[in-house]
Amino acid sequence: MSAQLAIIIAGASGDLAQKKLLPALFSLYAQQLLPAEFRIFGFARTPLTDAAFRTRAAEHLTCRYTPEAQACAALMAQFLARCHYVAGEYGSRDAFLDLADRVRQIAGSLGGPRLFYLAIPPAIFLDTARALGDTGLIACDAPGDDWTRVVIEKPFGRDRASSDRLAAELARVFTDEQTYRIDHYLGKEVLQNLLVLRFANQVFEPLWNRTYVRDVRICWKEDLGVGARAGYFDAYGIVRDVMQNHLMQMLALTAMEPPVAFAAQAIRNEKVRVLRAIPPLRPEDLVLGQYAAAARGAGGRPAYRAEPGVPPDSRTATYAAAVLRVENERWRGVPFFVECGKALDGQLAAIHLRFRDVPSNIFDQTAPGLPPNELIIRVQPDEGIFYRIVNKVPGLNLRLEPTELNLRYRTAFPGVIPEAYESLLLDVIKGDKSLFIRGDELAAAWDIFDAVLPAVDARPAVPELYPYGSRGPAGRAQLAARHGLELEPPA
Ligand code: BG6
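Residue positions within a chain follow its written sequence, with the count starting from 1. Given that the model is predicted, a residue must reach a pLDDT of at least 70 before its local features are reported, and side-chain atom pairs must reach 80 or more before they are shown or counted; all residues, however, enter totals for whole chains, interfaces and linings. To get the side-chain values, all heavy atoms of the structure are used, and hydrogens and water are removed first.

A. Summary view of unusual backbone geometry. Omega for the peptide link from Lys154 to Pro155 comes to 0 degrees, which places this bond in the cis form. Secondary structure elements are taken from DSSP: a helix is a run of H or I of four residues or more, a strand is a run of E of two residues or more, and numbering for both begins at the N terminus. Mapped onto the secondary structure, Pro155 falls in the loop between β5 (148-153) and α6 (160-171). Backbone torsion omega between Gln380 and Pro381 reads -15 degrees, so that peptide bond is classified as cis. With respect to the secondary-structure elements, Pro381 resides in the loop between β12 (374-380) and β13 (384-392). The backbone phi angle of Ala343 is positive, close to 55 degrees, even though this residue is not glycine.

B. Layout of the domain arrangement of the chain. Along its sequence, the chain is carved into domain 1 (6-153) and domain 2 (186-427 + 438-482). Marked domain ranges trace back to an automatic or database domain assignment. Using C-alpha coordinates to define each centre, domain 1 is positioned 33 Å away from domain 2. We call two residues in contact when some of their heavy atoms are within 4.5 Å. Listed as interface residues are 14 residues of domain 1 and, on the opposing side, nine residues of domain 2. Salt bridges are defined as contacts in which a side-chain nitrogen from Lys or Arg sits within 4 Å of a carboxyl oxygen from Asp or Glu. At the junction of domain 1 and domain 2, the tally comes to one salt bridge.

C. Structural context of the sheet that holds strand β4 (residues 114-118). Here we have six strands laid out as an open sheet, ordered β3-β2-β1-β4-β5-β6, and parallel in their pairing. A strand with exactly one partner marks an edge of an open sheet, and here the two such strands are β3 (83-87) and β6 (179-182). On average, each strand axis in the sheet is inclined to that of its neighbour by 20 degrees, with strand direction left out of account. Pairing between strands requires that DSSP locate at least two bridges from one strand to the other. Examined bridge by bridge, β5 and β6 share four bridges and lie parallel to one another. Note that in β6 the partner of Val150 across the bridge is Thr179. Across the sheet, helix α1 (residues 15-30) is in contact with β1 (4-10), β2 (37-44), β4 and β5; its angle to β1 comes to roughly 165 degrees. An axis is simply a line fitted to the C-alpha atoms; with a helix, the fit covers only the stretch in contact. Between two such axes, the angle follows the N-to-C directions and lies from 0 to 180 degrees.

D. Quick peek at helix α7 (residues 189-199). The cut-offs for exposure are 20% and 50% of the maximum accessible area for each residue type, with area from a 1.4 Å probe on protein chains only; residues under the lower value are buried, those over the upper are exposed, and the others partly exposed. All of the buried residues in α7 are Val190, Leu191, Asn193, Leu194, Leu195, Leu197 and Arg198. Elements that come into contact with the buried residues of α7 comprise α8 (230-255), α9 (264-276), β11 (348-355), β12, β13 and α10 (409-412).

E. Expanded view of the nonpolar core. Of all hydrophobic cores here, the largest spans 154 residues; its most connected members are Ile9, Phe79, Tyr117, Leu247 and Leu251. The biggest single contributor to this core is α8, with 15 residues. Both domain 1 (6-153) and domain 2 (186-427 + 438-482) contribute no fewer than three residues apiece to this core. Nonpolar core, defined: a set of buried Ala, Val, Leu, Ile, Met, Phe, Trp, Tyr and Cys residues in which side-chain atoms within 4.5 Å join the residues together.

F. Geometry of the pattern of salt bridges. On inspection of all chains with the given rule, the structure shows 37 salt bridges. In this structure, Asp176 and Arg181 form a salt bridge, with 3.4 Å as the shortest nitrogen-oxygen distance. Residue classification places Arg181 among the buried residues on the basis of a relative accessible area of 11%. Note that Arg410 and Asp382 form a salt bridge whose closest N and O atoms lie 3.4 Å from each other. You can see Arg410 sitting in helix α10 and its partner Asp382 sitting in the loop between β12 and β13, a full 28 residues away along the chain. For Arg410, a relative accessible area of 61% translates into the label exposed.

G. Molecular detail of the packing of aromatic side chains. For Phe, Tyr and Trp, rings pair up if their centres lie within 6.5 Å, where Trp contributes its six-membered ring, and each pair is then called stacked (planes under 30 degrees apart), edge-to-face (over 60) or tilted (otherwise). Summed over all chains, the structure comprises 18 aromatic pairs. Here the aromatic rings of Tyr291 and Tyr468 are separated by 5.2 Å at their centres, their planes lie at 70 degrees, and the arrangement is edge-to-face. Linking Tyr291 in strand β8 (residues 286-292) with Tyr468 in the loop between β15 (464-467) and α14 (475-482), this pair joins segments that are 177 residues apart in sequence. Grouping residues by exposure puts Tyr291 and Tyr468 together as buried. In this structure an aromatic cluster arises from ring pairing among Phe233, Tyr291, Tyr304, Tyr319, Tyr466 and Tyr468. The rule is short: NZ of Lys or CZ of Arg within 6 Å of the ring centre and within 35 degrees of the ring normal puts a charge over the ring. Note that Lys188 overlies the ring of Tyr185, its terminal NZ or CZ placed 4.5 Å from the centroid.

H. The site of the ligand, seen in detail. Distances are taken per atom, and a residue is near a molecule or strand as soon as one of its heavy atoms is within 4 Å of it. Every residue lining the ligand is accounted for by Lys154, His184, Tyr185, Lys188, Trp220, Glu222, Arg229, Asp241, His246, Lys342 and Gln380. Under this definition, polar contacts are N or O atom pairs within 3.5 Å; protein pairs additionally need one hydrogen-donor-capable and one acceptor-capable atom, and for neighbouring residues in sequence, both atoms have to be side-chain atoms. Between the ligand and the protein, one listed contact pairs an oxygen atom with a side-chain N or O atom of Asp241 at 2.5 Å. Within the side chain of Gln380, a nitrogen or oxygen atom sits 2.7 Å from an oxygen atom of the ligand. For the ligand, whose free accessible area comes to 390 Å², the fraction covered by protein is 82%. All amino acids are sorted into three groups, where Ala, Val, Leu, Ile, Met, Phe, Trp, Tyr, Cys and Pro are nonpolar, Asp, Glu, Lys and Arg are charged, and the leftover types, Gly among them, are polar. Tallied by class, the residues present in the shell around the ligand amount to two nonpolar, three polar and six charged. The accessible surface values rely on the Shrake-Rupley method and a 1.4 Å probe; as for residues, cover is taken only from the protein chains in view.

I. Structural detail: the state of the cysteines. By disulfide we mean two sulfur atoms from cysteines, separated by a distance within 2.5 Å. Overall, the coordinates contain one disulfide when judged by the stated rule. Covalently, Cys63 is tied to Cys72 through a disulfide, its sulfur atoms 2.0 Å apart. Taking the torsion about the S-S bond as the criterion, the Cys63 to Cys72 disulfide, at about -85 degrees, is left-handed. With no disulfide of its own, Cys83 lies closest to Cys72 among cysteine sulfurs, the gap being 14 Å.

Pasting the structure below:
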């Protein structure tokens, strides 16, 4: 690793930079994983001095890796001294030239590795990329230590066509090699463990197919509404915000075939292959919902349409459930129920594989209808892997009950569990693209949804309403029932 590194964050005064990126970089610094001569340059429209930028950044840094207060405070001071700020307009070449001057002054030169992070809203994305390109700051694409890499955040377009256009425009500025398309869910520990669980253990893979698995459910929910992000969210909605990316990545890792090697190209080849095996979602297999005020005590739990910044007649979906099929030898006939929603009855991201019934139940007399085995991979909160099996309850009679074999990360792994952004930023610095989205993978994920997006955008009525804090709209259970799925209470 080179001893130098300039990290340039466009959108540095925003939530993503302040709450995720700077804390993740501090965590890497605390673990001595950043090059000795690193510098961070924040760039955004808000006028801020270096000192003010540092004060803001300090609010979100945590001492997870250095619990001792004095040592942590000293480390924070050293880290913040390496953070600088330049204000300017995103589409302005001159503003980025000012930034380049600042980098030159402070870092000594413009040479050495440079990491650009575009933590900015989609509307200004292209202008910023073009302005950056015009400055020549991105030009270097040399192998070895003199690299320039650019990290971009979703949404990558609004559908397949606009995503392709965006990719073509960006290709004028950054090479594909330089581009790191991030989906931060891929940095989450449990998802990073999924390929290990599947392919480093003999017990799972033989059962991981249509012969033994009855259905797969991927559940993502948050117990809060849109909060301060109404402007962005109302323009995109939950299908584009979560389902097309985070859920499809979870699905791809669950359903993909074993890669020929544990290497970026091989892994991504298999993810593309499985995504392409999913036929376009049919409108009748999609349910959309929007949260209404909480049934009781609406205070603080308003309807989506009453949230600040949301138009009072908005038809944007805050909940979506879909049943997808993976048309290949492994999965044909197994429904994949995927759902995501805001303002639901809890916070959860989990994958459930429910197995088929035992072929013949010898306990029929005492326990007719044994509950099926279920493997639950809980991504968050309280990471873990659980296997629901049937057991004899200790006692003098024969009573059978489902119980969980459980691997709760918090107890099994006493160390700190890294945040997704720590892991992903470190990968960018190392040049490891395994956990980043390749262009063809992005296209394949859009292809699944393209046919339903016009209906998502132009529904004549509002999506089905559901109360804030509930499990979602009534259509959810009806969709599941149509596909022979029972929705159990989440683990
Ligand atoms: C983002 C979505 O990608 O992920 C948000 O835009 C969502 O709507 C967020 O809240 C959830 O991320 P995490 O890591 O908190 O689960």
